[in-house]
Amino acid sequence: MTADETVVDDPGARVLYWVLFPLLGAGLGWVLQWAAGRIAGLPFAPFRGVFRWIDEAPDPQATLAAVGVGAAVGLVVTFLAIADMLVVRVGLGEVTLTRGGNQAKARRAARSEVTAAFFDRDELVLLGRDARELAREKTDLSKKDVAAAFTGQGYPWLAAGDPHRAEFRIYTRLDDDLPGVAHGLLMDRATALEKGKTEEAAMLREQLLALGIVVRDEKKKQHWRRDRRELA
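Residues numbered from 1 in each chain as written. Predicted model: local features only at pLDDT ≥ 70, side-chain atom pairs only at ≥ 80, totals over all residues. Heavy atoms only, no water.

### A word on helix α4 (residues 143-152)
Alright, step 1. What α4 keeps buried is the set Val146, Ala147, Ala149 and Phe150. Along the long axis of α4, the arc covered by the buried residues comes to 155°, so they all point the same way. Turned more than 90 degrees away from the buried face of α4 sit Lys144 and Gly152, all of them exposed.
Alright, step 2. Against β1 (5-8), β2 (86-91), β3 (94-99), β5 (116-120) and β6 (123-127) lie the buried residues of α4. (Buried < 20%, exposed > 50% of the residue type's maximum accessible area, 1.4 Å probe, protein only. Helix = DSSP H or I, 4+ residues; strand = E, 2+ residues; numbered from the N terminus. Arc of directions from axis to C-beta. Contact = heavy atoms within 4.5 Å.)

If you want it as structure tokens, here you go:
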């Protein structure tokens, strides 16, 4: 980080994840190995054969194996958690939003494009001209630190939140104010959200933005508004 750039990150959370999740996984593995016999004896327990096999395995090999597998699962959870962490870089010339260190998928917005930045619940939002949405990223970063990064670099920060909040409306399949293409994309996105296909939902959201339709999700419902571009 330099004077020309403010970085908002949470390295403490990374250290915690690397320690906590493997320990929890190892502990869970030990508990399951210790309780395997009791679980196998339950009449309606799932995977009774697996638990019986674990119970009959010789010690200390069985305990070591259970603890090792649990720790490995914890490491996998750690990788997934870190891959979902957002790093915000606010520079004099541009804002960069990077998730999980994946520079190839980083969101960048030039300073000249950003007309407002704010939090909408737990999502950091960047607005551009004509009420376009440049970025919307979920994050657990400190809202105070993020706000300080933007204001410190002179970006317009809206502490009150989304100035277009009142323009959003809940999407329904009977909505007749949408162009046909946008209607179909929202229907496909609703299905993707129901099935937990987050990458597909994000891709469809980008396609909707290209059509001038801004989307936000709340309580598993899609809300939409138009930006103010004049599209051909």
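What follows picks up the thread again.
### Details of the nonpolar core
Alright, step 1. Within the largest apolar cluster, 20 residues are counted, with the highest numbers of intra-cluster contacts made by Val88, Leu97, Leu124, Leu126, Val146, Phe150 and Trp157.
Alright, step 2. Contributing elements (two or more residues each) for this core: β2, β3, β5, β6 and α4.
Alright, step 3. For this core, the leading source of residues is α4, giving four residues. (Core = buried A, V, L, I, M, F, W, Y, C linked by side-chain atoms within 4.5 Å.)

### Re the pattern of salt bridges
Pairing between side chains of opposite charge can happen when the charged atoms of each approach one another.
Alright, step 1. Scanning all chains against the criterion turns up 24 salt bridges.
Alright, step 2. Residues Arg107 and Glu137 are paired through a salt bridge, measuring 3.9 Å at the closest nitrogen-oxygen approach. Residue Arg107 is located in strand β4 (residues 107-110), and its partner Glu137 is located in strand β7 (residues 133-138); the two are separated by 30 residues in the primary sequence.
Alright, step 3. A relative accessible area of 24% means that Arg107 is categorised as partly exposed.
Alright, step 4. In this structure Glu137 comes out as buried when scored by relative accessible area, which is 15%.
Alright, step 5. Overlapping salt bridges, with partners in common, bring together Asp120, Arg121, Glu123, Glu133, Arg136, Arg165, Arg205, Arg216 and Glu218 in one network. (Salt bridge = Lys/Arg side-chain N within 4 Å of Asp/Glu carboxyl O.)

### Regarding the layout of surface pockets
Alright, step 1. The volume enclosed by the largest pocket comes to roughly 1400 Å³.
Alright, step 2. In terms of lining, the largest pocket is formed by 40 residues, of which the most central are Arg189, Thr198, Glu199, Ala201 and Ala202.
Alright, step 3. Where the lining of the largest pocket is concerned, the elements lending two or more residues are β3, β7, α5 (180-194), α6 (198-210), β9 (213-218) and β10 (221-226).
Alright, step 4. Its volume calculated, the second largest pocket comes out at about 300 Å³.
Alright, step 5. Forming the walls of the second largest pocket are 15 residues, and the residues nearest its centre are Gly29, Ala65, Ala66, Val69 and Gly70.
Alright, step 6. When contributions to the lining of the second largest pocket are tallied by element, the ones reaching two or more residues are α1 (11-40), α2 (48-56) and α3 (61-83). (1 Å grid on protein atoms, 1.4 Å probe; cavity = no way out; pocket = protein on both sides within 12 Å on 5 of 7 lines; lining within 4 Å. Points joined across faces, edges and corners; volume = space filled by probe spheres on them.)

### Quick notes on the pairing of β6
Alright, step 1. Counting buried positions over the five residues of β6 gives five, a clear majority of the element.
Alright, step 2. On β6, burial covers both faces: Glu123, Val125 and Leu127 on one face and Leu124 and Leu126 on the other are all buried.
Alright, step 3. Of the pairings in the sheet, the one linking β5 to β6 comprises five bridges and is antiparallel in character. For Ala116, the partnering residue across the bridge sits in β6 and is Leu127.
Alright, step 4. The hairpin turn running from β5 into β6, its antiparallel successor, is two residues long, and Arg121 in that turn takes a positive phi close to 60°.
Alright, step 5. Pairing between β6 and β7: five bridges, direction antiparallel. Bridging from a neighbouring strand, Leu127 pairs with Glu133 of β7. (Pairing = 2+ DSSP bridges.)

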